[in-house]
Amino acid sequence: KIAQSEINSDGNDLNIVELIDIYRNYPKIESQNIEATWKKITDVNLKIKVIKIQQKGMPLYVGKVQAKELLLLATTDQWKDKTLDGYQREKYREKTSEIKRYLEGCSISIIPAILASFGNAKFTSSDEEIGILEVPLKPGAISILDGQQRTGGFEEIYKEIKKLQTKHSLQNREELIKRYMDLLSFEIPIVFVDSKAIIEKMREESNDNLTIKQSELEGAFFFIINKTQKPVNP
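Residues numbered from 1 in each chain as written. Predicted model: local features only at pLDDT ≥ 70, side-chain atom pairs only at ≥ 80, totals over all residues. Heavy atoms only, no water.

**Student:** Could you clarify how one ought to interpret the environment of Glu94 in this entry?
**Tutor:** If you trace the backbone, Glu94 turns up in helix α6 (residues 93-105). With 59 residues separating them along the chain, Glu94 and Gly153 place their C-alpha atoms 9.8 Å apart. (Helix = DSSP H or I, 4+ residues; strand = E, 2+ residues; numbered from the N terminus.)

Below, the structure written as structure tokens:
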């Protein structure tokens, strides 16, 4: 109930920033043995209007989320040198700061669609391919396959609000906070991949007993996307 009221906030208060704080620090909170409290807070789904499409039998869902919702839901499987685990490349502060400046200063700023994967979500159809995708409102509910730096740009805006919260003597503090809060309501197009459904499809089509993890499938998508797209000449 708390989460639902905050996510529907009109941006006039800073509760959503506090909520993002809780979600992004979940591993630390979990280690403090308050799992029961956490379950009460996150017993809610984010409902997203989507269009369902099929690509070679793979279900995809196209919709939109606000930046603050993305920060609550999204995670990335970062590459780890020590364990040789993960697939996402390093997130560059210079790049995310550049996106933040772009969002701040450009009157026609456009953020392209983000590609994400989910393991648990429910699609309810209202008119053939159109319907509602219910995603559990908890950390890691979706994995970013393409759009880590763009998400990082909004993360920089969230951090800016946190800094402003402590600067009570700043003359234009309230004006700046409102400006950044408006950016946290920025609508971002997003394409969802149903990883579990795709893995099940691969198992059915495989002649042998295929075993594949969700993270392995997501890593394959990440590699294909970044291997096949051509960088833009500066």
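Following the structure, the description resumes.
**Student:** Is there a simple way to think about the pairing of strand β1 (residues 45-55) in this case?
**Tutor:** Two faces, one strand: in a regular strand the side chains alternate between the faces of the sheet. Two elements, β1 and strand β6 (residues 130-136), share seven bridges in a ladder whose sense is antiparallel. Considered in β6, the bridge of Lys47 is made with Glu134. In this structure, β1 lies alongside strand β2 (residues 58-66), joined through five bridges in antiparallel fashion. Note on β2: the bridge partner recorded for Gln54 is Pro59. (Pairing = 2+ DSSP bridges.)

**Student:** Sorry if this is basic, but what is going on with the pairing of strand β4 (residues 114-118) here?
**Tutor:** Where burial is concerned, most of β4 is hidden: five out of the five residues are buried. Summarising the sheet, β4 and strand β8 (residues 187-194) pair through five bridges and their orientation is parallel. The partner of Ser117 across the bridge, within β8, is Val193. Where β4 lies against strand β7 (residues 142-146), four bridges are found, and the strand directions are antiparallel. The residue bridging Ser117 from the neighbouring strand is Ser143, located in β7. (Buried < 20%, exposed > 50% of the residue type's maximum accessible area, 1.4 Å probe, protein only.)

**Student:** Would you mind showing me how to read the pattern of salt bridges here?
**Tutor:** Pairing of side chains with opposite charge becomes possible as their charged atoms draw close. Taken as a whole and assessed by the stated rule, the structure comprises nine salt bridges. The closest approach of N and O atoms between Glu155 and Lys159, which form a salt bridge, is 3.9 Å. With Glu155 and Lys159 both in helix α7 (residues 148-166) and four residues apart, this pair spans about one turn of that helix. A relative accessible area of 33% places Lys159 in the partly exposed class. The salt bridge partner of Arg173 is Glu174, with a shortest N-O separation of 2.6 Å. For Arg173, a relative accessible area of 12% corresponds to the buried category. The class of Glu174 is exposed, set by a relative accessible area of 53%. (Salt bridge = Lys/Arg side-chain N within 4 Å of Asp/Glu carboxyl O.)

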